[in-house]
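What the coordinates show
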Amino acid sequence: MELKGWRDIPIGGMILEAGNAVEYLTGGWRAFRPVHGEAECIHCMQCWLFCPDSSILVDPENEKMAGFDLEHCKGCGICASICPVNAKVIKKAKKAGEELARNDTRLCIRMVEEGKFKE
Amino acid sequence: MATKLTPKELSKRPERLSPGHRLCAGCGATIIVRQILAAIDDPVVIANATGCLEVGTTIYPYTAWRVPWIHNAFENAASTISGVEAAYRSMVKQGKIPEQNVKFLAFAGDGGTYDIGIQALSGAVERGHQFLYVCYDNGAYMNTGIQRSSATPYGAHTTTSPAGKVIPGKQQFRKDLTAIMAAHHIPYVAQAAPSQWRDLMKKTRKAVNCGGPAFMNVLSSCNRGWRHGTNETIEITQLAVDTCYWPLYEVENGEWRLTYKPKKKRPVEEWLKRQGRFRHVFKPENRHMIDKLQAEVDRRWEQLLKLCGEA
Amino acid sequence: MSKFEALAGNEAVATAMRQINPDVMAAYPITPQTSTVQKFADFVSDGLVDTDFVTVESEHSAMSACVGASAAGARVMTATSANGLALMWEIVYIAASNRCPIAMSLVNRALSAPINIHCDHSDVMGIRDSGWIILFSENGQEAYDNIIQAIRIGEHPDVLLPVAVCQDGFITSHSLERVEIFDDADVKAFVGEYKPQWPLLDLEHPKTYGPLDFYDYYYEHKRQQVEAMEHAHRVVLEVADEFNRKFNRNYGLFEPYKLDDAEVGVIVANSAAGTAKVVVDKLRDEGLKVGLLKPRLFRPFPAKELSDALRHLKAVMVMDRSASFGAMDNAGPLFLELVAALALHGVQVPVADYVYGLGGRDILPREIEQVYHDALKVAETGQVERMVTYLSVRE
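I will try to describe carefully the structure that is included in this document. Being a predicted model, the structure only gives us computed values, none of them experimental.

Considering the overall build of chain C
- Regarding its fold elements, chain C presents 13 helices and 16 strands.
- A compact globule built from 395 residues would reach a C-alpha radius of gyration of about 21 Å, and chain C, at 21 Å, matches this within 12%.
- Scored against the burial criterion, the 395 residues of chain C give a buried share of 62%.
- Of the contacts made within chain C by residues no fewer than 6 positions apart, 81% connect residues no fewer than 24 positions apart.
- Here chain C has roughly 14800 Å² of accessible surface; of this, 52% comes from carbon and sulfur atoms.
- Taking the average location of the 35 positive side-chain charges in chain C and that of its 55 negative ones, the two points are 4 Å from each other.

Given below as structure tokens:
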């Protein structure tokens with residue numbers, strides 16, 4: 001954002017455009033990215049409930065979880081850790097003696113590594 | 001009709017905290033704010049004390065708040081919102097503005113609540129302003145670099161109570177602020193945690209509709225200060241609840257009620273071992289500290305059970 | 001139609017507050033302001049005002065609540081003194097930076113320690129850099145008139161700054177005086193309705209107050225406050241003009257008293273100016289050409305106008321009711337600012353400072369007479385013997 005002069009900004013430090021922080025893209029913070037896996041999402045919206053960054057997209061008309069706001073998602077991984085479908089998949093695999101990695105494709109929400117730093 | 005307390009219904013309502021704020025990945029505070037605001041259908045006006053939440057959401061020229069919001073200083077969220085609420089009451093009474101069932105909220109961390117902000121909070125609730133004060137308690141002055149507060153748990157390493165060669169972390173038990181607020185005999189006081197979101201939201205609704213001052217103390221995990229993974233926030237918050245370090249209860253018109261009883265009370269050690277700030281208490285020479293903390297957690301828990309008629 | 005009432009300075013101000021009928025008052029008692037809030041509380045309890053009186057638990061909370069209420073869109077007033085002002089100092093700056101037009105009665109009292117409840121100007125001097133507009137008042141009448149004008153000055157869209165109206169603690173705040181009280185309707189018409197431009201309570205247009213500024217924007221926000229101060233200079237005179245036309249009493253940036261044809265002048269603010277006027281009259285009767293300049297507007301500091309008013313004099317003695325410890329020669333702040341103003345406006349008059357009245361130490365006519373005699377001597381010799389004198393301190 002271009003820096004403005006004192007005449008061109010509201011007085012008193014007031015910010016008049018509510019919620020303009022959307023223009024600040026925190027997606028670049030990510031080391032890991034949430035991705036939908038194979039397990040079928042039940043649209044329980046728990047991920048929406050626990051996302052610190054309001055970055056779970058919702059389709060209100062169809063009552064569905066509609067993806068991730070990757071412009072802002074910081075990749076904290078809370079959605080993946082509380083996802084009940086993930087929990088089910090992980091439990092099933094554990095019974096079969098397998099420890100699932102965070103990026104396992106069988107999960108409902110998996111965390112994949114963001115693009116590696118290029119040498 | 002209030003929005004049904006189901007994630008599906010709640011997720012249809014407009015998001016009042018925008019993305020693009022600069023709090024840490026996995027921060028408990030913004031989860032709490034989102035849940036609290038989702039529970040309230042009415043318009044809100046917020047006063048926010050200095051701290052992570054305030055700083056991270058309003059770095060000029062950006063604001064993540066889609067509702068009227070004011071930050072004044074560190075210790076005065078309660079007195080600031082007192083002024084806003086008084087202005088509203090006065091102007092509605094004089095017919096200068098319409099009555100709009102506005103809910104007045106104050107958000108502050110444990111720094112701005114337990115310590116520097118306690119006077120303003122105590123004064124505001126004594127005066128009977130109709131507002132809900134939410135303390136997001138992450139157990140230290142996190143924004144300025146993890147310094148100890150009176151909410152910091154016994155034994156925790158903070159930068160002003162470091163685990164050093166001679167003194168192994170904070171040597172005092174934390175203040176029981178929720179009990180202090182209950183002693184103000186205000187209509188509604190509660191302790192909550194975002195890991196139990198429905199309990200938190202029910203409490204929020206009771207609080208904003210109690211017709212007087214209300215206080216909610218909400219445990220806010222801080223992965224930076226507590227030293228755990230960014231994705232463990234909810235799990236570790238729930239461990240604090242299940243170890244009874246952070247019991248969930250409410251005091252409604254003087255009646256104490258436990259709103260969550262862990263199926264199995266876990267030893268506090270299980271919570272401590274997940275956090276880097278307690279690493280030093282697992283050294284053999286410090287293990288007695290775990291016992292000391294456990295004894296105090298148990299003592300306060302028993303006391304609470306008695307108060308809630310659960311003993 | 002106005003009427004004359006026997007009122008102490010605080011009661012006169014409280015009466016003005018009743019007539020202004022602010023939406024919110026948040027205040028904490030402190031001597032010698034207490035009778036203001038007590039009298040106002042009577043008005044509240046008797047249903048004579050619509051004001052929501054927030055009986056806060058400290059001065060810090062008082063100014064905090066004032067900021068919240070003002071940002072919400074309400075007309076807000078308060079009052080304090082000395083250590084109360086000191087306690088709210090953090091928020092005093094915030095009130096100005098957030099552009100909250102709060103009107104405050106500041107009953108001047110000495111700052112501790114040792115604790116002293118009597119008059120001096122150390123309290124107001126502590127906020128002179130805060131961005132508040134500051135007015136001095138010689139007596140209860142002026143305090144009454146000033147606080148009414150303060151509403152219009154602060155709320156002016158080109159200004160939007162908080163205003164402090166000073167009067168001397170105990171000396172005028174508690175002394176009965178014959179005060180002309182205007183008609184309720186006339187005062188109400190003069191102050192008009194407050195039309196906040198960016199109220200928090202405008203739910204349709206949510207806004208954020210008090211963000212975090214980094215080094216990229218803080219400076220610009222401060223520059224805006226400077227601009228407001230420049231406008232305030234003009235607005236104070238505009239409001240005084242309107243006040244004069246309506247209420248027939250003329251106020252300016254300061255009051256010159258027998259100054260036009262004077263050879264020497266004394267600068268003194270608040271109640272001691274009243275005493276000094278008596279001294280001027282006496283000395284004039286003796287044929288001495290002495291005069292007085294009584295500052296009214298202290299912030300913004302009317303440097304040019306003051307310099308022009310003093311240009312013709314042969315000596316200027318400033319009387320300061322506070323000291324700035326460690327400043328040049330431990331002089332008082334009024335002196336320091338005036339000297340700078342005179343120097344920069346090419347006024348080459350010998351100047352000296354008399355610190356007086358600290359902690360309520362009485363200032364007697366004969367002591368002020370001595371100041372004038374000193375001035376006349378300086379006018380004769382062109383030499384200032386001592387830059388700063390601490391009047392009537394026991395050696």
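Next comes the rest of the description.
Section: the interface of chain A and chain B
- Taken together, the 42 residues of chain A in the interface contact 38 residues of chain B.
- Inspection of the region where chain A meets chain B yields one salt bridge.
- Ionic pairing is found between Lys12(B) and Glu63(A), a salt bridge with its closest N-O pair at 2.5 Å.
- Counting across the chain A and chain B interface gives 23 residue pairs in polar contact (both at pLDDT 80 or more).
- Counting residues per element, the ones that place at least two in the side of chain A that touches chain B are helix H1 (46–50) and helix H2 (78–82) of chain A.
- In terms of residue count, H1(A) provides more of the side of chain A that touches chain B than any other element does, four residues in total.
- Across the side of chain A that touches chain B, the residue classes break down as 23 nonpolar, twelve polar and seven charged.

What to know about the sheet that holds strand E6 (residues 214–219) of chain B
- Pairing is mixed in the open sheet, where nine strands are placed in the order E8(B)-E7(B)-E5(B)-E6(B)-E4(B)-E3(B)-E1(B)-E2(B)-E9(C). Where the open sheet ends on each side, the last strands, each with one partner, are strand E8 (255–258) of chain B together with strand E9 (208–209) of chain C.
- Direction of pairing for strand E5 (residues 188–192) of chain B relative to strand E7 (residues 249–252) of chain B: antiparallel, over a ladder of four bridges. Looking across to E7(B), one finds that Ala190(B) is bridged to Glu250(B).

Definitions and cut-offs
- Residues numbered from 1 in each chain as written.
- Chains lettered and ligands numbered in written order.
- Predicted model: local features only at pLDDT ≥ 70, side-chain atom pairs only at ≥ 80, totals over all residues.
- Heavy atoms only, no water.
- Helix = DSSP H or I, 4+ residues; strand = E, 2+ residues; numbered from the N terminus.
- Rg over C-alpha atoms; globule rule 2.2 N^0.38 Å.
- Buried < 20%, exposed > 50% of the residue type's maximum accessible area, 1.4 Å probe, protein only.
- Contact = heavy atoms within 4.5 Å.
- Areas by Shrake-Rupley, 256 points an atom, 1.4 Å probe, with all protein chains shown as cover.
- Lys, Arg positive; Asp, Glu negative; His and termini not counted.
- Charge placed at Lys NZ, Arg CZ, Asp CG, Glu CD.
- Salt bridge = Lys/Arg side-chain N within 4 Å of Asp/Glu carboxyl O.
- Polar contact = N/O pair within 3.5 Å; in protein donor to acceptor, adjacent residues only side chain to side chain.
- Nonpolar A, V, L, I, M, F, W, Y, C, P; charged D, E, K, R; others polar.
- Pairing = 2+ DSSP bridges.

Purely geometric numbers; function is a separate question.
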